[in-house]
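Working through the structure, step by step
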Amino acid sequence: MPKSLQNFINSQIQLCYHVNMLLKLRKWFLSKILRRKYYRTGKCKACGKCCTQIYVKHFKHVIQDEKEFEKLQLLHRFYTYLKVIGKDDIGLIFECTNLDSETHKCKIHKNRPGICRRYPQEELFSMGGALSEDCGYRMEPIISFSEVLEKEKKKR
Ligand code: SF4
Ligand code: SF4
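Residues numbered from 1 in each chain as written. Chains lettered and ligands numbered in written order. Predicted model: local features only at pLDDT ≥ 70, side-chain atom pairs only at ≥ 80, totals over all residues.

**Considering the overall build of the chain**
As a reminder, the rule being used: Numbering of helices and strands starts at the N terminus; helices are DSSP runs of H or I of at least 4 residues and strands are runs of E of at least 2. Radius of gyration here uses only the C-alpha atoms, and the compact-globule reference equals 2.2 Å multiplied by the residue count raised to the power 0.38. To assign burial, the other C-beta atoms lying within 10 Å of each residue's own C-beta are counted, with C-beta atoms placed from the backbone; 20 or more indicates buried, 12 or fewer indicates exposed, and intermediate counts indicate partly exposed. Distance between backbone-placed C-beta atoms decides contact: two residues are in contact if it is within 7 Å.
A count of helices and strands for the chain gives six helices and six strands. In the chain, the order of α-helices and β-strands from amino to carboxyl end is α-β-β-β-α-α-β-β-α-α-β-α. Taking 156 residues into account, the globule formula puts the C-alpha radius of gyration at 15 Å, and the chain, at 22 Å, lies well above it. Evaluated residue by residue, the chain yields a buried proportion of 6% over its 156 residues. Within the chain, residue pairs in contact and separated by at least 24 positions form 64% of the contacts whose partners lie at least 6 positions apart.

**Some points on the site of ligand 2**
Counted only if it meets this: Only the C-beta atom matters for nearness: placed from the backbone, it must lie within 6 Å of the molecule or strand for the residue to count as near. Three classes are used: nonpolar for Ala, Val, Leu, Ile, Met, Phe, Trp, Tyr, Cys and Pro, charged for Asp, Glu, Lys and Arg, and polar for all others, with Gly counted as polar.
Every residue lining ligand 2 is accounted for by Cys44, Lys45, Ala46, Cys47, Gly48, Lys49, Cys50, Tyr119, Ser132, Cys135, Gly136 and Tyr137. When the residues that make up the shell around ligand 2 are grouped by side-chain class, the tally is seven nonpolar, three polar and two charged.

**A look at the site of ligand 1**
Every residue lining ligand 1 is accounted for by Cys51, Tyr81, Cys96, Asn98, Leu99, Cys106, Ile108, Arg112 and Cys116. By residue class, the composition of the shell around ligand 1 is seven nonpolar, one polar and one charged.

**Notes on the domain arrangement of the chain**
Counted only if it meets this: Domain start and stop points were drawn from an automatic or database domain assignment.
Taken domain by domain, the chain comprises domain 1 (1–35) and domain 2 (36–155). A C-alpha centroid distance of 33 Å is found between domain 1 and domain 2. Taken together, the contact pairs five residues of domain 1 with four residues of domain 2. Among the residues forming the side of domain 1 that touches domain 2, the class breakdown is two nonpolar, one polar and two charged.

**Quick word on the pairing of strand S4 (residues 82–87)**
What counts here: Pairs of strands are assigned from DSSP output, requiring at least two bridges between the strands.
Summarising the sheet, S4 and strand S5 (residues 92–96) pair through five bridges and their orientation is antiparallel. When the bridges of S5 are listed, Lys87 appears paired with Leu92. Hairpin connection, S4 to S5: the antiparallel pair is bridged by four residues.

**Comments concerning the environment of Ala46**
Examined against the element boundaries, Ala46 turns out to sit in the loop between strand S1 (38–42) and strand S2 (57–58). Given 12 C-beta atoms within 10 Å, Ala46 falls into the exposed group. C-alpha of Ala46 to C-alpha of Ile142: the two residues are 96 residues apart in sequence and 25 Å apart in space.

**A closer look at unusual backbone geometry**
When glycine is set aside, most residues are seen to have a negative phi, and most peptide bonds are trans. Cis peptide bonds are those with omega within 30 degrees of zero, and the linkage from Tyr119 to Pro120 qualifies with -5 degrees. Secondary-structure assignment places Pro120 in the loop between helix H4 (114–118) and helix H5 (123–126). Even without being glycine, His104 reaches a positive phi, approximately 60 degrees. For His104, the position within the fold is in the loop between S5 and H4.

Now the structure itself:
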């Protein structure tokens with residue numbers, strides 16, 4: 001085998017090794033330091049579906065009452081953007097007034113609040129929410145089911 005080809009293969013093996021190490025480090029950081037169970041993959045398709053049909057959770061309960069929500073609006077600018085569009089068994093349902101109803105784009109995209117920039121996060125699941133089927137993001141478990149199973153087997 002020519003030496004240049006051998007060098008190229010070796011450099012690719014080294015690159016894979018380093019990428020693998022970085023992925024393991026990321027996994028460790030997310031699960032052990034940040035205590036996360038999921039990580040986000042994919043990309044936003046700007047469909048605007050997460051900017052409507054919103055529930056608001058304050059501490060441990062989902063907001064059910066408009067009077068209570070008015071008080072929350074004093075706490076964070078994100079709440080001032082929301083308007084009530086309905087109510088169901090879970091609580092009040094809101095839509096963001098910054099959502100352009102024709103283009104389905106955010107009218108303040110560059111200045112949108114941090115909560116919108118970080119969406120989706122795993123807290124979504126803890127309040128009974130779910131990603132829409134069309135959402136470009138997916139939440140993947142940091143520790144896969146097969147890894148958990150392997151650990152359990154070793155304990156026995
Ligand atoms: S501020 Fe923009 S990104 Fe955030 S919920 Fe409203 S429309 Fe969506
Ligand atoms: S539902 Fe998903 S893809 Fe659509 S705007 Fe929200 S984050 Fe982006």
